[in-house]
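# Topology and contacts: notes
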Amino acid sequence: MMLKKLKAQLVMAVAAVSVVGFTVNASAAQKEATPTISFKSTALAQGVYMLEGVGGFAGGNMMVTVGEQGVVMVDNSMAPFLDTLKATLGQLTNKPVDFLINTHIHGDHTGNNAAIGAGHTHIIGHQNLRTQMLEKGVPGTDGPVKASSAILPMLTYTNQMALHLNQRDMQLVHVPHAHTDGDSVIYLPAQNIIHAGDVFFNGWYPYIDLASGGSAKGYLAGQKAIYAMANDSTKIIPGHGPLATRADLKKAIVMLEAGIQQVQAMIDKGLTEDAVVAKNPLAKYHDTWSWAFITTEKMTRTLYKSLKGDAGVVAAEHGH
């Protein structure tokens, strides 16, 4: 029931606002969404909270850890909801955010970088995320926004990074070419909590941003890497959807792996993209996984484009 309700909210959100890579139109969001949006905080461990939008589309799920040594926040929603977000944070701590981690570049996860990063806060992200911000700008409410020092991560890494704060070890792990080419997964081993960013949409077809360096096979590999970190007791915060378990992630892996295999088999037979769509290889997943932004057709086309692109890269590498 919760997934159906969330999907229904997103249908209304997509109808009410313009979504480009999960970035909403500011004026529409201000008029349509602000009066009803709130953020629900759920304690996952001592001093560790999941924040999720309630009442409509409020961006990606967030994580906040608080303690004597400071505050760490993972992702930060969108600009129209800054005041609501600040009020929710004020219920958890009276301290400013010391470190703000961006799981990836999209505006529904980085929309308040400027407001939060302009002061005391140190922004952290993968090096590819910073590079994309500098070269392409940040997806904003009215198109790409030129990256300022307040928006950019000032601390970057390539493969792994660790934070040791409030007697908690927090590991940042890069999963290459998954949702984008700059994805970070955040793992708290002692608390057995993972923030997966948009490498996991719990119960929905995933958004694989091919234009930002994402790929179907990379996404699947990223999910399998998260699965290997987890156990049956792990609390997994997905980029979108309700708090998840390892079993929930397994369902997503099974669905995506089957979809990749089926579409690849059709590509191997020489079928065109439209012909693959017509055969509807993801039909069995439609009722459960399809939603307003990533329909079964769009998921199929994404898989086709990504797998054909992978084949082109392999051919080029082998001189064919």
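So, here's what we can say about the structure. Bear in mind the structure is a predicted one, so any value in this text is a computation, not a measurement. (Residues numbered from 1 in each chain as written. Predicted model: local features only at pLDDT ≥ 70, side-chain atom pairs only at ≥ 80, totals over all residues. Heavy atoms only, no water.)

### Brief notes about the packing of aromatic side chains
Going by this rule: Any two of the Phe, Tyr and Trp rings considered here, Trp counted by its six-membered ring, make a pair once their centres fall within 6.5 Å; the pair's planes then place it as stacked at under 30 degrees, edge-to-face at over 60, or tilted in between. A run of DSSP states H or I qualifies as a helix once it reaches four residues; a run of E qualifies as a strand once it reaches two. Both are numbered from the N-terminal end. Using a 1.4 Å probe on the protein chains alone, a residue whose accessible area is under 20% of its type maximum counts as buried, one over 50% counts as exposed, and one in between counts as partly exposed.
Tallying each qualifying case throughout the model produces four aromatic pairs. Between W204 and W291, the aromatic rings sit 4.9 Å apart at their centres with planes inclined by 40°, giving tilted as the arrangement. With W204 in the loop between β13 (193–201) and α7 (216–229) and W291 in the loop between α10 (286–289) and α11 (296–317), the pair connects residues that are 87 residues apart, well separated along the chain. Ring geometry for Y207 and F293: centres 5.3 Å apart, planes at 75°, overall edge-to-face. Taken together, the residues span a long stretch of sequence, with Y207 in the loop between β13 and α7 and F293 in the loop between α10 and α11 at a distance of 86 residues. Like Y207, the residue F293 is buried in the burial classification.

### Some remarks on the packing of α7 against helix α8 (residues 246–268)
This is how it is decided: In this analysis an axis means a line fitted to C-alpha atoms, helices contributing only their contacting stretch, and an angle means the value between N-to-C directions, from 0 to 180 degrees. To sort the angles, those under 35 degrees are grouped as roughly parallel, those over 145 as roughly antiparallel, those from 65 to 115 as roughly perpendicular, and the leftovers as oblique. Throughout, a crossing is termed right-handed when the near helix is turned clockwise from the far one, and left-handed when it is turned anticlockwise from it by less than a right angle. For this analysis, residues touch if any pair of their heavy atoms sits within 4.5 Å.
One way to put it is that α7 packs onto α8 with a least axis distance of 10 Å and a crossing angle of 155°. Taken together, the axes of α7 and α8 lie roughly antiparallel to each other. When the axes of α7 and α8 are compared, the crossing they make is left-handed. Contacts between α7 and α8 involve A216, K217, Y219, L220, Q223, K224, I226 and Y227 from the former and R246, L249, K250, A252, I253, L256, E257, I260 and Q264 from the latter.

### Observations concerning the nonpolar core
Heads up, the rule is: Note on terminology: a nonpolar core comprises buried Ala, Val, Leu, Ile, Met, Phe, Trp, Tyr and Cys residues joined through side-chain atoms within 4.5 Å.
Among the nonpolar cores identified, the biggest contains 44 residues, and Y205 and L303 are the most heavily contacted of them. Breaking this core down by element, the ones donating at least two residues are β12 (184–188), β13, α7, α8 and α11. Top contributing element to this core by residue count: α8, with ten residues. If sequence neighbours within four positions are ignored, L303 has contacts with A216, L256, G259, I260, V263 and L282. Formed by 20 residues, the second largest nonpolar core is a distinct cluster that contains F57, M62, V66 and I123.

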